[in-house]
Amino acid sequence: MRNKGISALVCAGLAAGAAALGATPSAAAQTPAAVHEAAAAPGKEATASDTRDHIRERLERIPGMTVVSVADKEGHPLYTLTYEQPVDHRKPHGATFTQRATLWHKATDKPTVLYTGGYTLPGGTTALTKLIDANQVGVEHRYFAESRPKGAAGDDWSKMTVEQEAADEHRLTRALRTIEKGKWLGTGASKGGMTATYHERFYPEDLDAVVAFVAPNDANNRDDSGYERFFRTVGTKECRNALNAVQREMLVRRDALLPKFEADAEAAGHTFDETLGTTDRAYEFAVLDQVWNFWQSGTAADCPTVPDAKRATDDELYSWSKGHGLSVYHDQELGTNGTGPYYRQAATQLGWAGLKFSHLKDVRHHPDIYQPNSVLPAAMRGTYDNRTIADVDRWVKKRGQRMMFIYGENDPWSAEKFTPSRHDSYRYVVPGANHGASIAKLPAAEQTEAVATIKRWANVK
């Protein structure tokens, strides 16, 4: 995800999030009750009816579904799909768009993992899919990459909401459950974990369980005490002080270091006219993200690499920062075809960490810059409303069932967590882990417990 440590969620969802899920590289509605009753016992061999062509025919009979291509993946067919979705689910007969998805099919009686990255179409095989030897459905989030409405509808960002995407996944899940009859588990990491949780909240009959990795939960955007507390306590005092000193020195030496930043931007073809506006604003924003990104992607083992802020030369300070958290936000990345849709969601529903940066107050030029609208083109900016996220938070605490959340102890995104209910739901924190926290990194006893729970939910031995 990006923003909050603002570069976090996007990078995390696409990179660290994939690591949390153990991803490896890869090339018509039925009622939920009927689907559950139709589930066969697991472990049966695929029958002749599970052949590649037969499954393709069944997919193509689903209204609005198109099979774009079929490839072989580990001896099983991988279908690339598009599915016609309403732009506004409150007006199902209005404008539509095509949402990209994939189906890696093994057998109709095996469990199925619904995998969302929360951004573009996710690739690879999740660790959850491997654990329960499941079919896997990957889905691209609306308004990202090719899953965006055409024309004027694509510029109407009011339809880029948690509720609308949950409805997208609801329709897709119900359609594919007419084929895949086993248990269905939703999963995702970072923003993908949030998206899986939102789907479960609004359509709890769709999935049999959810396993969400490092999913932030900003239920109260006005209260960032959890994030502030994290940065006061993470790692050792010596490491925290060294990181804060480097971050401060980057702004103290702004006059000397900004030209280096500008030269890098020019060499890379980066501009800031449509988003942050000036290189000075872009530089400050990048520096503000440094410490967050250090912990998001690194570990305490990286602390000895932090330079002595006062003694380091300009080149040493800038070079180390580039390799340890200095992220650049630019027009080419942040528009409608890049990561901009995430920031739109952060600005309007998901929230952000409005960190105080008390150690930087006297060296900042732009005190109100650290929020998502700062990195959005004017047409994509929005007004925040926390009602949906607060509702999800309450529902997960009180009514959610068969939900598992995995967090990293040293991950800033894990500073504000979902709290699961007592209804067969669980939360684990991986000691010392960053935004790549996974079940495989849990202590042995907790790992065994979590794996047993997931297999029970999936009805596999």
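Residues numbered from 1 in each chain as written. Predicted model: local features only at pLDDT ≥ 70, side-chain atom pairs only at ≥ 80, totals over all residues. Heavy atoms only, no water.

### Overview of the packing of helix α6 (residues 191-202) against helix α15 (residues 387-398)
Here is step 1: Here α6 crosses α15 at 75 degrees, and the two axes come no closer than 10 Å. Comparing their axes, α15 and α6 come out roughly perpendicular. Seen from α6, the contacting residues are T197, Y198, E200, R201 and F202; seen from α15, they are T388, I389, D391, V392, W395 and V396.
Here is step 2: The residue makeup of the contact of α6 with α15, split by class, is 6 nonpolar, 2 polar and 3 charged. (Axes fitted to C-alpha atoms, helices over the stretch in contact; angles between N-to-C directions. Helix = DSSP H or I, 4+ residues; strand = E, 2+ residues; numbered from the N terminus. Parallel < 35°, antiparallel > 145°, perpendicular 65-115°, else oblique. Contact = heavy atoms within 4.5 Å. Nonpolar A, V, L, I, M, F, W, Y, C, P; charged D, E, K, R; others polar.)

### Comments concerning the packing of aromatic side chains
Here is step 1: Under the defined criterion, the tally for this structure stands at 19 aromatic pairs.
Here is step 2: A ring pair is formed by Y119 and F144, whose centres lie 5.5 Å apart and whose planes are at 80 degrees; its orientation type is edge-to-face. Residue Y119 is found in the loop between β4 (112-116) and α4 (127-131), and its partner F144 is found in the loop between β5 (135-139) and α5 (162-176); the two are separated by 25 residues along the sequence.
Here is step 3: Both rings, one in F285 and one in Y370, keep their centres 5.4 Å apart while their planes meet at 40 degrees; by these two values the pair is tilted. (Phe/Tyr/Trp six-rings, centres within 6.5 Å; stacked < 30°, edge-to-face > 60°.)

### Re the sheet that holds strand β2 (residues 76-86)
Here is step 1: Spatial ordering of the open sheet is given by β1-β2-β3-β5-β4-β6-β7-β8-β9, a layout of 9 strands whose pairing is mixed. Strand pairing shows two members of the sheet lacking a second neighbour, β1 (65-73) and β9 (426-430), which therefore form its edges. For this sheet, the mean angle separating the axes of adjacent strands, direction not counted, is 20 degrees.
Here is step 2: With 4 bridges joining them, strand β3 (residues 96-104) and β5 adopt antiparallel strand pairing. Residue pairing across strands places L103 opposite V137, the latter belonging to β5.
Here is step 3: Along the sheet, α5 makes contact with β1, β2, β3, β4, β5 and β6 (184-189), crossing β2 at roughly 130 degrees. (Pairing = 2+ DSSP bridges.)

### Looking at the side chain of E140
Here is step 1: Position of E140 among the secondary structure elements: in the loop between β5 and α5.
Here is step 2: A polar atom in the side chain of E140 sits 2.5 Å from the side chain of R100.
Here is step 3: Within the local environment of E140, its side chain forms a polar contact with the backbone nitrogen of E146, the two atoms lying 3.4 Å apart.
Here is step 4: Beyond its immediate chain neighbours, meaning those up to four positions away, E140 contacts Q99, R100, Y119, T120, L121, P122, A145, E146, S147 and E165. (Polar contact = N/O pair within 3.5 Å; in protein donor to acceptor, adjacent residues only side chain to side chain.)

### A word on a positive patch on the surface
Here is step 1: Together, R229, R232, K356 and K361 make up a region of like positive charge exposed at the surface.
Here is step 2: When you line up the elements, K356 lands in the loop between α14 (340-350) and α15. (Patch = residues over 30% accessible without salt bridge, like charges linked within 9 Å, V, L, I, M, F, W, Y side chains within 5 Å. Areas by Shrake-Rupley, 256 points an atom, 1.4 Å probe, with all protein chains shown as cover. Salt bridge = Lys/Arg side-chain N within 4 Å of Asp/Glu carboxyl O. Lys, Arg positive; Asp, Glu negative; His and termini not counted. Charge placed at Lys NZ, Arg CZ, Asp CG, Glu CD.)

### Section: the pattern of salt bridges
Here is step 1: Overall, the coordinates contain 26 salt bridges when judged by the stated rule.
Here is step 2: One salt bridge connects K310 with E249, and the closest N-O pair in it is separated by 3.6 Å. Taken together, the positions of K310 in the loop between α11 (290-297) and α12 (314-323) and E249 in helix α8 (residues 237-252) put the pair 61 residues apart, joining distant regions of the chain.
Here is step 3: Residue K310 is classed as exposed on the basis of its relative accessible area, which comes to 67%.
Here is step 4: Classification of E249 by relative accessible area gives buried; the value is 8%.
Here is step 5: In this structure, D393 and K397 form a salt bridge, with 3.4 Å as the shortest nitrogen-oxygen distance. Separated by 4 residues within a single helix, D393 and K397 lie in helix α15, roughly one turn from each other. (Buried < 20%, exposed > 50% of the residue type's maximum accessible area, 1.4 Å probe, protein only.)

### Looking at the pairing of β6
Here is step 1: Within β6, 6 of the 6 residues are buried, which leaves the element mostly enclosed by the surrounding structure.
Here is step 2: Both faces of β6 are covered, namely the face carrying W184, G186 and G188 and the face carrying L185, T187 and A189.
Here is step 3: When β4 meets β6, the two strands line up parallel, connected through 4 bridges. Counterpart to V113 in the pairing with β6 is L185.

### A look at helix α9 (residues 254-268)
Here is step 1: Taking 1.5 Å as the rise per residue, α9 with 15 residues should run 21 Å; its terminal C-alpha atoms sit 20 Å apart, in good agreement.
Here is step 2: Just beyond α9, the residue with positive phi is G269, at close to 75 degrees. (Expected span 1.5 Å × (residues − 1).)

### Observations regarding the state of the cysteines
Here is step 1: This structure, assessed with the given rule, holds 1 disulfide.
Here is step 2: C239 shares a disulfide with C303; S-S distance 2.0 Å. For the disulfide bridge between C239 and C303, the dihedral angle about the S-S bond is near -85 degrees, and by the sign convention the bridge is left-handed. Note that C239 is positioned in helix α8 and C303 in the loop between α11 and α12, a separation of 64 residues in sequence. Each member of the pair, C239 together with C303, is buried. (Disulfide = S-S within 2.5 Å.)

### Overview of the environment of G188
Here is step 1: For G188, the location among the structural elements is in strand β6.
Here is step 2: Residue G188 is classed as buried on the basis of its relative accessible area of 0%.
Here is step 3: Between the C-alpha atom of G188 and that of G117, which follows or precedes it by 71 residues, the distance is 5.6 Å.

### A word on the side chain of S147
Here is step 1: By secondary structure assignment, the location of S147 is in the loop between β5 and α5.
Here is step 2: A polar contact of 2.9 Å, which involves the side chain of S147, links it to the backbone nitrogen of R100.
Here is step 3: Dropping the residues within four chain positions of it, S147 is found in contact with F97, T98, Q99, R100, E140, H141 and R142.

### Some words on the nonpolar core
Here is step 1: Formed by 93 residues in total, the largest nonpolar core has its most connected members in L59, M250 and W295.
Here is step 2: If you tally residues by element for this core, the top one is helix α10 (residues 279-288), at 6 residues.
Here is step 3: Residues within four places of M250 in sequence aside, it is in contact with L257, Y283, V287, Q290, L317, Y318, S321 and L326.
Here is step 4: Counting 24 residues, the second largest nonpolar core, distinct from the first, contains V211, M404, V430 and A433. (Core = buried A, V, L, I, M, F, W, Y, C linked by side-chain atoms within 4.5 Å.)

### Looking at unusual backbone geometry
Here is step 1: A positive phi angle, near 50 degrees, is found at R402, a position not held by glycine.
Here is step 2: The residue R402 is located in the loop between α15 and β8 (403-408) in this model.

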